[in-house]
Amino acid sequence: MNAGLEGGIDCDLHPAVPGIAALIPYLDPQWADAVAQRGVHDLEPTSYPLRAPLTSRPDWRIAGAKAGSSRGQLCAQALDGFGSRAGILNCLYAVTTLFSEDMAAAFARALNDWLAAEWLDKDARLRASIVVPIQSPELAAAEIERRAADRRFVQVLLPCLADQPLGRRSLWPIYAAAARHGLPVGIHAGSTYRHPVTPVGWPSYFTEDYVNQAQGFQTQLTSLVCEGVFSKFPTLKVVLIESGFTWLPAYLWRLHKYWRGLRMEIPWVDRPPPEIIREQVRFTLQPVDAPVEGDALLRILDQAGSDELLLFSTDYPHWQFDGQDALPPLLPDSLKTRILIDNPLATYPRLKEDFA
Ligand code: ZN
(Lines give C-alpha, C1' and ligand atoms only; values in the text may rest on other atoms or scores of the structure.)
Protein backbone atom coordinates (compact mmCIF):
# COMPACT_ATOMS: atom_id res chain seq x y z
CA MET A 1 0.00 0.00 0.00
CA ASN A 2 1.21 3.51 -0.77
CA ALA A 3 1.76 5.43 2.44
CA GLY A 4 -0.10 8.70 2.37
CA LEU A 5 -3.04 7.57 0.24
CA GLU A 6 -5.01 5.75 2.94
CA GLY A 7 -8.67 6.58 3.25
CA GLY A 8 -8.96 8.20 -0.17
CA ILE A 9 -12.03 8.13 -2.38
CA ASP A 10 -11.29 6.95 -5.90
CA CYS A 11 -13.59 8.87 -8.25
CA ASP A 12 -12.84 6.98 -11.48
CA LEU A 13 -12.84 3.18 -11.60
CA HIS A 14 -13.77 1.23 -14.72
CA PRO A 15 -15.54 -2.09 -14.31
CA ALA A 16 -15.84 -4.01 -17.59
CA VAL A 17 -18.85 -6.05 -18.65
CA PRO A 18 -17.27 -9.51 -19.18
CA GLY A 19 -19.42 -10.09 -22.26
CA ILE A 20 -22.91 -9.42 -23.48
CA ALA A 21 -24.13 -12.69 -21.92
CA ALA A 22 -23.62 -11.12 -18.48
CA LEU A 23 -26.29 -8.52 -19.26
CA ILE A 24 -28.93 -10.92 -20.66
CA PRO A 25 -30.52 -11.63 -17.25
CA TYR A 26 -30.94 -7.88 -16.73
CA LEU A 27 -32.39 -7.02 -20.15
CA ASP A 28 -36.13 -6.76 -20.76
CA PRO A 29 -37.28 -10.06 -22.40
CA GLN A 30 -37.88 -8.29 -25.72
CA TRP A 31 -34.29 -7.03 -25.83
CA ALA A 32 -32.78 -10.25 -24.50
CA ASP A 33 -34.53 -11.98 -27.39
CA ALA A 34 -33.32 -9.33 -29.85
CA VAL A 35 -29.71 -9.86 -28.72
CA ALA A 36 -30.05 -13.59 -29.42
CA GLN A 37 -32.02 -13.32 -32.67
CA ARG A 38 -30.03 -10.47 -34.17
CA GLY A 39 -26.67 -11.77 -33.00
CA VAL A 40 -25.84 -8.51 -31.19
CA HIS A 41 -22.19 -8.41 -30.19
CA ASP A 42 -20.63 -6.87 -27.15
CA LEU A 43 -20.82 -3.08 -27.15
CA GLU A 44 -17.26 -1.84 -26.76
CA PRO A 45 -16.16 1.76 -26.35
CA THR A 46 -14.04 2.58 -29.38
CA SER A 47 -12.14 5.20 -27.39
CA TYR A 48 -10.96 2.48 -24.99
CA PRO A 49 -10.86 -0.83 -26.89
CA LEU A 50 -10.97 -3.14 -23.91
CA ARG A 51 -8.88 -5.94 -25.41
CA ALA A 52 -6.09 -3.65 -26.62
CA PRO A 53 -3.04 -4.25 -24.38
CA LEU A 54 -2.24 -0.52 -24.19
CA THR A 55 -5.67 0.19 -22.72
CA SER A 56 -4.75 -1.48 -19.46
CA ARG A 57 -1.75 -1.34 -17.18
CA PRO A 58 0.24 -4.59 -17.62
CA ASP A 59 -0.08 -5.66 -13.99
CA TRP A 60 -3.83 -4.99 -14.04
CA ARG A 61 -4.60 -7.12 -17.11
CA ILE A 62 -6.48 -10.41 -16.82
CA ALA A 63 -5.39 -13.30 -19.04
CA GLY A 64 -8.18 -14.23 -21.43
CA ALA A 65 -10.61 -11.60 -20.15
CA LYS A 66 -11.16 -7.86 -20.24
CA ALA A 67 -9.21 -5.78 -17.72
CA GLY A 68 -11.63 -4.55 -15.06
CA SER A 69 -14.02 -7.48 -15.51
CA SER A 70 -13.14 -9.12 -12.18
CA ARG A 71 -14.76 -7.51 -9.17
CA GLY A 72 -12.37 -9.28 -6.81
CA GLN A 73 -9.35 -8.04 -8.71
CA LEU A 74 -10.66 -4.48 -9.00
CA CYS A 75 -11.37 -4.30 -5.27
CA ALA A 76 -8.01 -5.85 -4.38
CA GLN A 77 -5.90 -3.78 -6.75
CA ALA A 78 -7.74 -0.46 -6.84
CA LEU A 79 -9.29 -0.24 -3.34
CA ASP A 80 -7.06 -2.42 -1.10
CA GLY A 81 -4.03 -1.54 -3.22
CA PHE A 82 -4.30 2.18 -2.55
CA GLY A 83 -6.07 1.92 0.80
CA SER A 84 -9.15 3.70 -0.55
CA ARG A 85 -12.26 3.82 1.59
CA ALA A 86 -14.59 4.00 -1.42
CA GLY A 87 -14.60 4.05 -5.21
CA ILE A 88 -16.98 5.22 -7.92
CA LEU A 89 -17.60 2.83 -10.82
CA ASN A 90 -17.85 4.54 -14.21
CA CYS A 91 -18.82 1.79 -16.63
CA LEU A 92 -17.86 2.74 -20.20
CA TYR A 93 -19.99 0.11 -21.92
CA ALA A 94 -20.80 1.81 -25.22
CA VAL A 95 -24.52 2.43 -24.67
CA THR A 96 -24.09 5.98 -25.92
CA THR A 97 -22.90 4.84 -29.37
CA LEU A 98 -26.18 3.09 -30.30
CA PHE A 99 -28.46 4.80 -32.81
CA SER A 100 -31.69 3.35 -31.43
CA GLU A 101 -32.98 5.36 -28.47
CA ASP A 102 -35.06 2.42 -27.23
CA MET A 103 -32.17 0.00 -27.45
CA ALA A 104 -29.86 2.45 -25.66
CA ALA A 105 -32.42 2.89 -22.88
CA ALA A 106 -32.80 -0.89 -22.52
CA PHE A 107 -29.04 -1.42 -22.29
CA ALA A 108 -28.66 1.46 -19.82
CA ARG A 109 -31.32 -0.12 -17.57
CA ALA A 110 -29.67 -3.53 -17.81
CA LEU A 111 -26.22 -2.10 -17.17
CA ASN A 112 -27.29 -0.15 -14.08
CA ASP A 113 -29.15 -3.16 -12.68
CA TRP A 114 -26.11 -5.37 -13.40
CA LEU A 115 -23.87 -2.86 -11.59
CA ALA A 116 -26.19 -2.87 -8.58
CA ALA A 117 -26.47 -6.65 -8.34
CA GLU A 118 -22.99 -7.78 -9.36
CA TRP A 119 -20.85 -4.99 -7.92
CA LEU A 120 -22.61 -2.72 -5.40
CA ASP A 121 -24.35 -5.59 -3.58
CA LYS A 122 -21.04 -7.44 -3.25
CA ASP A 123 -18.69 -4.80 -1.81
CA ALA A 124 -19.86 -2.01 0.50
CA ARG A 125 -17.04 0.30 -0.61
CA LEU A 126 -18.32 0.52 -4.17
CA ARG A 127 -20.55 3.25 -5.57
CA ALA A 128 -21.57 3.83 -9.19
CA SER A 129 -22.58 6.37 -11.80
CA ILE A 130 -25.94 5.99 -13.52
CA VAL A 131 -25.41 5.24 -17.21
CA VAL A 132 -28.06 7.02 -19.29
CA PRO A 133 -29.17 6.95 -22.94
CA ILE A 134 -28.07 10.47 -23.89
CA GLN A 135 -29.66 9.82 -27.32
CA SER A 136 -33.02 10.59 -25.69
CA PRO A 137 -32.91 13.17 -22.87
CA GLU A 138 -36.45 12.12 -21.93
CA LEU A 139 -35.48 8.45 -21.52
CA ALA A 140 -32.24 9.49 -19.81
CA ALA A 141 -34.19 11.49 -17.23
CA ALA A 142 -36.52 8.52 -16.75
CA GLU A 143 -33.54 6.27 -16.04
CA ILE A 144 -32.21 8.76 -13.48
CA GLU A 145 -35.64 8.76 -11.81
CA ARG A 146 -35.73 4.95 -11.83
CA ARG A 147 -32.30 4.53 -10.25
CA ALA A 148 -32.00 7.61 -8.02
CA ALA A 149 -33.78 5.99 -5.07
CA ASP A 150 -30.78 3.65 -4.71
CA ARG A 151 -28.38 6.00 -2.97
CA ARG A 152 -25.37 3.89 -3.94
CA PHE A 153 -25.69 5.58 -7.33
CA VAL A 154 -23.90 8.86 -6.72
CA GLN A 155 -23.58 10.50 -10.15
CA VAL A 156 -24.99 10.63 -13.69
CA LEU A 157 -22.47 9.66 -16.39
CA LEU A 158 -22.27 11.35 -19.81
CA PRO A 159 -19.71 10.99 -22.61
CA CYS A 160 -17.60 14.05 -23.42
CA LEU A 161 -18.08 13.94 -27.17
CA ALA A 162 -21.46 12.76 -28.41
CA ASP A 163 -23.92 14.36 -30.84
CA GLN A 164 -23.97 17.97 -29.73
CA PRO A 165 -22.65 20.57 -27.28
CA LEU A 166 -23.73 19.51 -23.81
CA GLY A 167 -25.20 22.88 -22.85
CA ARG A 168 -28.02 22.63 -25.40
CA ARG A 169 -31.50 23.11 -24.00
CA SER A 170 -32.71 19.77 -25.36
CA LEU A 171 -30.44 18.05 -22.81
CA TRP A 172 -31.71 20.04 -19.83
CA PRO A 173 -34.12 17.30 -18.65
CA ILE A 174 -30.99 15.31 -17.75
CA TYR A 175 -29.59 18.18 -15.68
CA ALA A 176 -32.98 18.85 -14.07
CA ALA A 177 -33.27 15.21 -12.97
CA ALA A 178 -29.68 15.15 -11.69
CA ALA A 179 -30.14 18.40 -9.76
CA ARG A 180 -33.46 17.20 -8.32
CA HIS A 181 -31.71 14.21 -6.75
CA GLY A 182 -28.48 15.97 -5.76
CA LEU A 183 -26.48 13.93 -8.26
CA PRO A 184 -23.40 15.49 -9.90
CA VAL A 185 -23.10 14.98 -13.67
CA GLY A 186 -19.81 13.26 -14.55
CA ILE A 187 -18.53 13.84 -18.06
CA HIS A 188 -15.97 11.20 -19.03
CA ALA A 189 -13.38 11.38 -21.82
CA GLY A 190 -14.36 9.50 -24.95
CA SER A 191 -16.31 9.98 -28.12
CA THR A 192 -19.21 8.36 -29.90
CA TYR A 193 -17.37 9.36 -33.10
CA ARG A 194 -20.40 11.02 -34.63
CA HIS A 195 -17.97 13.92 -35.14
CA PRO A 196 -14.18 14.08 -35.38
CA VAL A 197 -12.45 14.77 -32.06
CA THR A 198 -10.71 17.77 -33.62
CA PRO A 199 -12.49 20.86 -34.97
CA VAL A 200 -10.80 20.44 -38.39
CA GLY A 201 -11.38 16.77 -39.26
CA TRP A 202 -10.28 13.26 -38.46
CA PRO A 203 -6.83 12.67 -36.96
CA SER A 204 -4.73 9.60 -37.82
CA TYR A 205 -3.40 8.48 -34.46
CA PHE A 206 -4.58 7.70 -30.97
CA THR A 207 -2.04 10.18 -29.65
CA GLU A 208 -3.87 12.95 -31.50
CA ASP A 209 -7.24 11.69 -30.30
CA TYR A 210 -6.15 11.65 -26.69
CA VAL A 211 -4.49 15.08 -26.75
CA ASN A 212 -7.52 16.59 -28.47
CA GLN A 213 -9.96 15.27 -25.87
CA ALA A 214 -8.92 18.29 -23.77
CA GLN A 215 -10.28 20.61 -26.47
CA GLY A 216 -13.50 18.63 -26.38
CA PHE A 217 -13.80 19.17 -22.63
CA GLN A 218 -13.14 22.89 -23.05
CA THR A 219 -15.85 23.07 -25.71
CA GLN A 220 -18.35 21.32 -23.42
CA LEU A 221 -17.48 23.50 -20.44
CA THR A 222 -17.89 26.65 -22.53
CA SER A 223 -21.24 25.34 -23.80
CA LEU A 224 -22.50 24.54 -20.28
CA VAL A 225 -21.51 28.02 -19.08
CA CYS A 226 -22.73 30.05 -22.06
CA GLU A 227 -26.02 28.22 -22.62
CA GLY A 228 -26.83 28.89 -18.97
CA VAL A 229 -26.90 25.38 -17.47
CA PHE A 230 -25.10 26.51 -14.31
CA SER A 231 -27.37 29.55 -13.97
CA LYS A 232 -30.51 27.44 -14.44
CA PHE A 233 -29.31 24.72 -12.04
CA PRO A 234 -27.25 26.58 -9.44
CA THR A 235 -26.84 23.52 -7.20
CA LEU A 236 -25.65 21.26 -10.02
CA LYS A 237 -22.07 19.99 -9.84
CA VAL A 238 -20.27 18.83 -12.98
CA VAL A 239 -17.22 16.57 -12.75
CA LEU A 240 -14.87 16.39 -15.72
CA ILE A 241 -13.39 12.89 -15.64
CA GLU A 242 -10.07 12.20 -17.37
CA SER A 243 -10.08 15.67 -18.84
CA GLY A 244 -6.68 16.73 -17.57
CA PHE A 245 -6.61 20.12 -15.91
CA THR A 246 -3.36 21.89 -16.75
CA TRP A 247 -5.26 23.77 -19.48
CA LEU A 248 -7.59 25.30 -16.93
CA PRO A 249 -5.80 28.59 -16.01
CA ALA A 250 -5.32 29.74 -19.62
CA TYR A 251 -8.84 28.59 -20.48
CA LEU A 252 -10.34 30.55 -17.56
CA TRP A 253 -8.44 33.69 -18.52
CA ARG A 254 -9.64 33.42 -22.12
CA LEU A 255 -13.27 32.67 -21.20
CA HIS A 256 -13.28 35.52 -18.69
CA LYS A 257 -11.86 37.97 -21.20
CA TYR A 258 -14.43 37.21 -23.92
CA TRP A 259 -17.30 37.08 -21.42
CA ARG A 260 -16.35 40.61 -20.34
CA GLY A 261 -16.55 41.85 -23.92
CA LEU A 262 -19.55 39.85 -25.13
CA ARG A 263 -21.72 39.20 -22.10
CA MET A 264 -24.55 41.30 -23.49
CA GLU A 265 -25.48 38.27 -25.64
CA ILE A 266 -25.60 35.87 -22.68
CA PRO A 267 -27.06 38.00 -19.85
CA TRP A 268 -28.00 34.88 -17.84
CA VAL A 269 -24.28 34.39 -17.20
CA ASP A 270 -24.46 37.08 -14.57
CA ARG A 271 -21.11 36.57 -12.88
CA PRO A 272 -17.58 35.86 -14.10
CA PRO A 273 -17.32 32.34 -15.57
CA PRO A 274 -14.21 31.47 -13.52
CA GLU A 275 -16.30 32.03 -10.40
CA ILE A 276 -19.02 29.70 -11.71
CA ILE A 277 -16.50 27.02 -12.65
CA ARG A 278 -14.68 27.21 -9.32
CA GLU A 279 -18.02 26.69 -7.58
CA GLN A 280 -19.71 24.10 -9.75
CA VAL A 281 -17.05 22.15 -11.69
CA ARG A 282 -14.55 19.55 -10.48
CA PHE A 283 -11.81 17.52 -12.18
CA THR A 284 -10.55 14.01 -11.51
CA LEU A 285 -6.83 13.69 -10.89
CA GLN A 286 -5.60 10.99 -13.29
CA PRO A 287 -4.26 11.32 -15.89
CA VAL A 288 -2.18 14.13 -14.42
CA ASP A 289 -1.02 16.19 -17.39
CA ALA A 290 1.47 18.32 -15.42
CA PRO A 291 5.19 17.60 -15.05
CA VAL A 292 5.66 15.60 -11.87
CA GLU A 293 8.90 17.38 -10.97
CA GLY A 294 8.93 20.72 -9.23
CA ASP A 295 5.94 22.75 -8.21
CA ALA A 296 4.09 22.95 -11.56
CA LEU A 297 0.92 21.41 -10.15
CA LEU A 298 0.84 23.80 -7.21
CA ARG A 299 1.31 26.79 -9.51
CA ILE A 300 -1.51 25.60 -11.76
CA LEU A 301 -3.91 25.25 -8.84
CA ASP A 302 -2.84 28.67 -7.62
CA GLN A 303 -3.54 30.16 -11.05
CA ALA A 304 -6.88 28.36 -11.25
CA GLY A 305 -7.69 29.99 -7.93
CA SER A 306 -8.90 27.05 -5.86
CA ASP A 307 -7.66 23.98 -4.01
CA GLU A 308 -11.15 22.45 -4.15
CA LEU A 309 -11.05 21.47 -7.83
CA LEU A 310 -9.27 18.11 -7.85
CA LEU A 311 -10.74 14.72 -6.92
CA PHE A 312 -8.57 11.66 -6.38
CA SER A 313 -8.79 8.99 -9.10
CA THR A 314 -6.67 6.12 -10.36
CA ASP A 315 -8.58 5.53 -13.61
CA TYR A 316 -8.18 1.78 -12.91
CA PRO A 317 -7.37 -0.28 -14.98
CA HIS A 318 -6.23 2.27 -17.55
CA TRP A 319 -2.52 2.96 -17.75
CA GLN A 320 -1.97 6.49 -16.47
CA PHE A 321 0.90 5.85 -14.07
CA ASP A 322 3.06 2.98 -12.85
CA GLY A 323 3.41 1.44 -9.42
CA GLN A 324 1.63 3.28 -6.64
CA ASP A 325 2.32 6.80 -7.91
CA ALA A 326 -1.31 7.86 -8.10
CA LEU A 327 -0.62 11.24 -6.46
CA PRO A 328 2.06 13.58 -7.77
CA PRO A 329 4.99 13.94 -5.35
CA LEU A 330 5.73 17.01 -3.27
CA LEU A 331 2.15 17.98 -2.48
CA PRO A 332 1.61 19.51 0.95
CA ASP A 333 -0.27 17.17 3.31
CA SER A 334 -3.22 19.54 3.57
CA LEU A 335 -3.69 19.50 -0.22
CA LYS A 336 -3.33 15.70 -0.31
CA THR A 337 -6.15 15.36 2.19
CA ARG A 338 -8.30 17.71 0.17
CA ILE A 339 -7.77 15.77 -3.06
CA LEU A 340 -8.12 12.33 -1.48
CA ILE A 341 -11.03 12.92 0.90
CA ASP A 342 -12.43 16.42 1.48
CA ASN A 343 -13.07 17.40 -2.14
CA PRO A 344 -14.79 14.11 -3.11
CA LEU A 345 -17.00 14.27 -0.01
CA ALA A 346 -17.93 17.89 -0.74
CA THR A 347 -18.72 17.05 -4.37
CA TYR A 348 -20.81 13.91 -3.84
CA PRO A 349 -23.47 14.41 -1.15
CA ARG A 350 -24.34 10.71 -1.23
CA LEU A 351 -20.76 9.74 -0.43
CA LYS A 352 -20.85 12.00 2.56
CA GLU A 353 -23.75 10.01 4.00
CA ASP A 354 -21.66 6.83 4.22
CA PHE A 355 -17.98 7.70 4.07
CA ALA A 356 -17.44 10.98 5.96
ZN1 ZN B 1 -11.54 7.04 -16.69
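Use the structure listed above.
Residues numbered from 1 in each chain as written. Predicted model: local features only at pLDDT ≥ 70, side-chain atom pairs only at ≥ 80, totals over all residues. Heavy atoms only, no water.

Caption draft 1: Structural context of the overall build of the chain. Across its full length, the chain carries twelve helices and eight strands. For the chain, the C-alpha radius of gyration of 19 Å lies close to 21 Å, the compact-globule estimate for 356 residues. For the chain, the proportion of its 356 residues judged to be buried stands at 56%. A fraction of 80% describes how many contacts in the chain between residues 6 or more apart in sequence connect residues 24 or more apart. When the accessible surface of the chain is summed, it comes to about 14,700 Å², and 55% of that surface belongs to carbon and sulfur atoms. Averaged over its 33 positive side-chain charges, the chain has a centre that lies 4 Å from the centre of its 41 negative ones. (Helix = DSSP H or I, 4+ residues; strand = E, 2+ residues; numbered from the N terminus. Rg over C-alpha atoms; globule rule 2.2 N^0.38 Å. Buried < 20%, exposed > 50% of the residue type's maximum accessible area, 1.4 Å probe, protein only. Contact = heavy atoms within 4.5 Å. Areas by Shrake-Rupley, 256 points an atom, 1.4 Å probe, with all protein chains shown as cover. Lys, Arg positive; Asp, Glu negative; His and termini not counted. Charge placed at Lys NZ, Arg CZ, Asp CG, Glu CD.)

Caption draft 2: Expanded view of unusual backbone geometry. Here the amide bond leading from Gln286 into Pro287 is cis, since omega sits at 0°, within 30 degrees of zero. One non-glycine residue, Glu242, adopts positive backbone phi at about 65°. Following the sequence through the fold, Glu242 ends up in the loop between strand 6 (238-241) and helix 8 (248-262). Non-glycine residue Leu330 carries a positive phi angle of around 70°. With respect to the helices and strands, Leu330 occurs in the loop between strand 8 (310-311) and helix 11 (333-347). The class of Leu330 is exposed, set by a relative accessible area of 64%.

Caption draft 3: Expanded view of the packing of aromatic side chains. Here the structure, examined in full by the defined rule, presents ten aromatic pairs. For the ring pair Trp114 and Trp119, a centre distance of 6.0 Å and an interplane angle of 65° mean the geometry is edge-to-face. Neither Trp114 nor Trp119 differs from the other in exposure class; each is buried. Arg57 extends its terminal NZ or CZ atom over the ring of Trp60, reaching a point 3.8 Å from the ring centre. Directly above the aromatic system of Trp172 lies the positively charged group of Arg169, at a separation of 4.4 Å from the ring centroid. (Phe/Tyr/Trp six-rings, centres within 6.5 Å; stacked < 30°, edge-to-face > 60°. Lys NZ or Arg CZ within 6 Å of the ring centre and 35° of its normal.)

Caption draft 4: Spotlight on the state of the cysteines. Evaluated as defined, the whole model comprises zero disulfides. As a non-bridged cysteine, Cys226 has Cys160 as the owner of its nearest cysteine sulfur, 16 Å distant. (Disulfide = S-S within 2.5 Å.)

Caption draft 5: Examining the packing of helix 4 (residues 137-147) against helix 5 (residues 172-180) more closely. Interhelical geometry of helix 4 versus helix 5 gives an angle of 15° and a closest axis separation of 8 Å. In terms of orientation, helix 4 and helix 5 fall into the roughly parallel class. When the axes of helix 4 and helix 5 are compared, the crossing they make is right-handed. Residues Pro137, Ala140, Ala141, Ile144 and Glu145 of helix 4 pack against Pro173, Ile174, Ala177, Ala178 and Arg180 of helix 5. A class-by-class count of the residues in the contact of helix 4 with helix 5 yields eight nonpolar, no polar and two charged. (Axes fitted to C-alpha atoms, helices over the stretch in contact; angles between N-to-C directions. Parallel < 35°, antiparallel > 145°, perpendicular 65-115°, else oblique. Left-handed = near helix turned anticlockwise from the far one by under 90°. Nonpolar A, V, L, I, M, F, W, Y, C, P; charged D, E, K, R; others polar.)

Caption draft 6: Geometry of the packing of helix 8 against helix 10 (residues 296-304). In the contact formed by helix 8 and helix 10, the axes pass within 8 Å of each other and the chain directions differ by 20°. Between helix 8 and helix 10, the crossing angle belongs to the class labelled roughly parallel. Along this stretch, helix 8 crosses helix 10, giving a crossing that reads as left-handed. Along the contact surface, helix 8 presents Leu248, Pro249, Leu252 and Trp253, while helix 10 presents Ile300, Gln303 and Ala304. Class assignment of the residues belonging to the contact of helix 8 with helix 10 gives a composition of six nonpolar, one polar and no charged.

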